[in-house]
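# Coordinates in review
Residues per chain, in single letters:
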Amino acid sequence: MLAYVGRRLLSLAVTLAIASAIVFTVMEILPGDPAEVMLGTNARPDTLAALRAQYGLDRPAPERYLAWAGGLLQGDMGLSYTYSVPVTQLVAERMWVSLPLALIALTLTTLIAIPVGALAAAKRNSATDVGVMTATQVGIAVPNFWFAMLLVLVFAITLRWLPAGGFPGWKAGAWPALKALVLPAVALALPQASILARVMRSSLLDTLGEDYVRTARAKGLTRAQTVRRHALRNALIPVLTIMGLQFSFLLAGTIIIENVFFLPGLGRLVFQAITQRDLIVVKSVVMLLVASVVVVNFLVEVGYAAVDPRLRRRV
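Keep in mind that what you see is a predicted model, and the values were worked out from it rather than measured. (Residues numbered from 1 in each chain as written. Predicted model: local features only at pLDDT ≥ 70, side-chain atom pairs only at ≥ 80, totals over all residues. Heavy atoms only, no water.)

## What about the side chain of Arg-268?
What counts, and what does not: Working definition: helices are DSSP H or I runs of at least four residues, strands are E runs of at least two. Numbering for both runs from the N terminus. In this scheme, a residue with accessible area under 20% of its type's maximum is buried, one over 50% is exposed, and one in between is partly exposed, where area comes from a 1.4 Å probe on protein chains only. Positive charge is attributed to Lys and Arg, negative charge to Asp and Glu, and no charge count is given to His or to the chain ends. When a carboxyl oxygen of Asp or Glu is within 4 Å of a side-chain nitrogen of Lys or Arg, the pair counts as a salt bridge. Any two residues whose heavy atoms approach within 4.5 Å at even a single point are treated as in contact.
Along the chain, Arg-268 falls in helix α12 (residues 266–275). Although Arg-268 is buried, it makes no salt bridge; Glu-258 carries the closest opposite charge, 7.5 Å away. The residues contacting Arg-268, other than those within four sequence positions of it, are Arg-94, Glu-258, Asn-259, Phe-262 and Leu-263.

Written out as structure tokens, the structure is:
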């Protein structure tokens, strides 16, 4: 097991190194000069040169990459061009919005997808199964930002049950803060729930075809008892893998939703940094989101290996 974890850790380190190089390179080839964006196109050349020197923008690209990557390893994401504060501070402030939003969305995804997918599998080829598959196909096809605007129209403007946008902060109380996150979480959760429900249905149908399930039926168990006692637990293994990856996606995929609802989270921070050409914020936050996806994937693989020894022998 230790050898397997060591190999996975090495793969994790290599993946993060390659990802950091790609993120840095993509940011470098974007058009525009951050110094001119901050000072304006009419700024004097000596002022632009001083600003570039202040932020290290005049150094060669390899040197800036090594300085940035070395800072990330030490927990230093650099200094924001726009806000003149450490990027770590900006991320810490915005994480208190994005992380609860992702957790609420993942919880809603799980509560919807697993029962719905299990119901569709248990009633295969019935009207219920067809209805579930149709609804999940629509959920996958509909853009989440359009669905978010529809939720605002119905629940915020028409019914006035929930706020249309903004975030009062956790200091205003848990309930006002959670109310502000309900609609964004639903908008994020339903497309992911559609995907997870289809995975749950396929996994459960595969499990229902196993020999031990037929043996359980032969012993006199009803179909519902067989699904609940034997098939469901084994069918959840691939579903849990998808759930782990979905959490990373939900954390990284909030850019559009946070802008629709004017939430001060990581997604809105990245959007504002792109418009302001604050490359150090964009690079650092994107790298943080990439690292979250890679680390979650690593944890899922290690968890699988701990449960199933056959995986340790294959790799």
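The rest of the description comes next.
## Points about the domain arrangement of the chain
Our working rule: Where a domain begins and ends is set by an automatic assignment or by a domain database. Note on terms: buried area is the combined drop in 1.4 Å-probe accessible area of two parts once they are placed together, counting the loss on both. N or O atoms closer than or at 3.5 Å make up a polar contact, with two conditions inside protein: a donor-capable atom paired with an acceptor-capable one, and, for residues adjacent in sequence, both atoms drawn from side chains.
By the assigned domains, the chain splits into domain 1 (2–73) and domain 2 (87–311). In this complex, domain 1 contributes 21 residues to the contact, which on the side of domain 2 involves 18 residues. Counting the surface domain 1 buries against domain 2, the share from its top three residues, Tyr-4, Met-27 and Trp-68, is 31%. For the pair domain 1 and domain 2, the interface holds 0 salt bridges. For the pair domain 1 and domain 2, the number of links is 1 residue pair in polar contact (both at pLDDT 80 or more).

## A word on the environment of Val-290
Among the secondary structure elements, Val-290 is positioned in helix α13 (residues 279–307). For Val-290, a relative accessible area of 26% corresponds to the partly exposed category. On a C-alpha basis, the gap between Val-290 and Ala-164 in space is 30 Å, while along the polypeptide they are 126 residues apart.

## Details of helix α6 (residues 127–141)
What counts, and what does not: What a helix is expected to span follows from its residue count: subtract one and scale by 1.5 Å. When we speak of the arc, we mean the arc of directions from the helix axis to the C-beta atoms.
For α6, built from 15 residues, the straight-helix expectation of 21 Å at 1.5 Å per residue is met to within 8% by its first-to-last C-alpha distance of 21 Å. Residues Asp-129, Val-132, Met-133, Thr-136 and Gly-139 constitute the buried set of α6. The arc enclosing the buried residues of α6, seen along the axis, measures out at 125°, which places them on a common side. The outward face of α6, more than 90 degrees from its buried face, is lined by the exposed residues Ala-127 and Ala-141. For α6, the elements touching its buried residues are α5 (87–122) and α8 (174–208).

## Things to note about the pattern of salt bridges
Across all of its chains, the model carries 3 salt bridges by this definition. With a closest N to O distance of 2.9 Å, Arg-44 and Asp-46 form a salt bridge. Note on Arg-44: relative accessible area 56%, which makes it exposed. A salt bridge links Arg-59 to Glu-63, with the shortest nitrogen-to-oxygen separation between them at 3.7 Å. Classification of Glu-63 as partly exposed rests on a relative accessible area of 39%.

## Side note on the environment of Arg-228
Mapped onto the elements of the fold, Arg-228 is located in helix α10 (residues 223–252). Judged by relative accessible area, which is 53%, Arg-228 ranks as exposed. Arg-228 sits 110 residues away from Ala-118 along the chain, and the two C-alpha atoms are 9.5 Å apart.

## So, the packing of helix α1 (residues 2–29) against helix α4 (residues 61–73)
When two helices pack together, their arrangement is given by the angle between the helix axes and by the axis-to-axis distance. To be explicit about the condition: Axis definition: a line fit to C-alpha positions, over the contact stretch in the case of helices; interaxial angles, taken between N-to-C directions, run 0 to 180 degrees. Angle categories: roughly parallel below 35 degrees, roughly antiparallel above 145, roughly perpendicular from 65 to 115, and oblique for all the rest. Two helices cross in a left-handed way if the nearer one is turned anticlockwise from the farther one by less than a right angle. They cross in a right-handed way if the turn is clockwise. Each residue receives one of three labels: charged for Asp, Glu, Lys and Arg, nonpolar for Ala, Val, Leu, Ile, Met, Phe, Trp, Tyr, Cys and Pro, and polar for the others, Gly being one of them.
Contact geometry of α1 with α4 gives a least axis separation of 11 Å together with a crossing angle of 130°. Relative to α4, the element α1 lies oblique. Crossing of α1 over α4 shows right-handed handedness. Residue-level inspection shows Ala-17, Ser-20, Ala-21, Val-23, Phe-24 and Glu-28 of α1 in contact with α4, the latter providing Ala-61, Arg-64, Tyr-65 and Trp-68. For the contact of α1 with α4, a count of residues per class yields 7 nonpolar, 1 polar and 2 charged.

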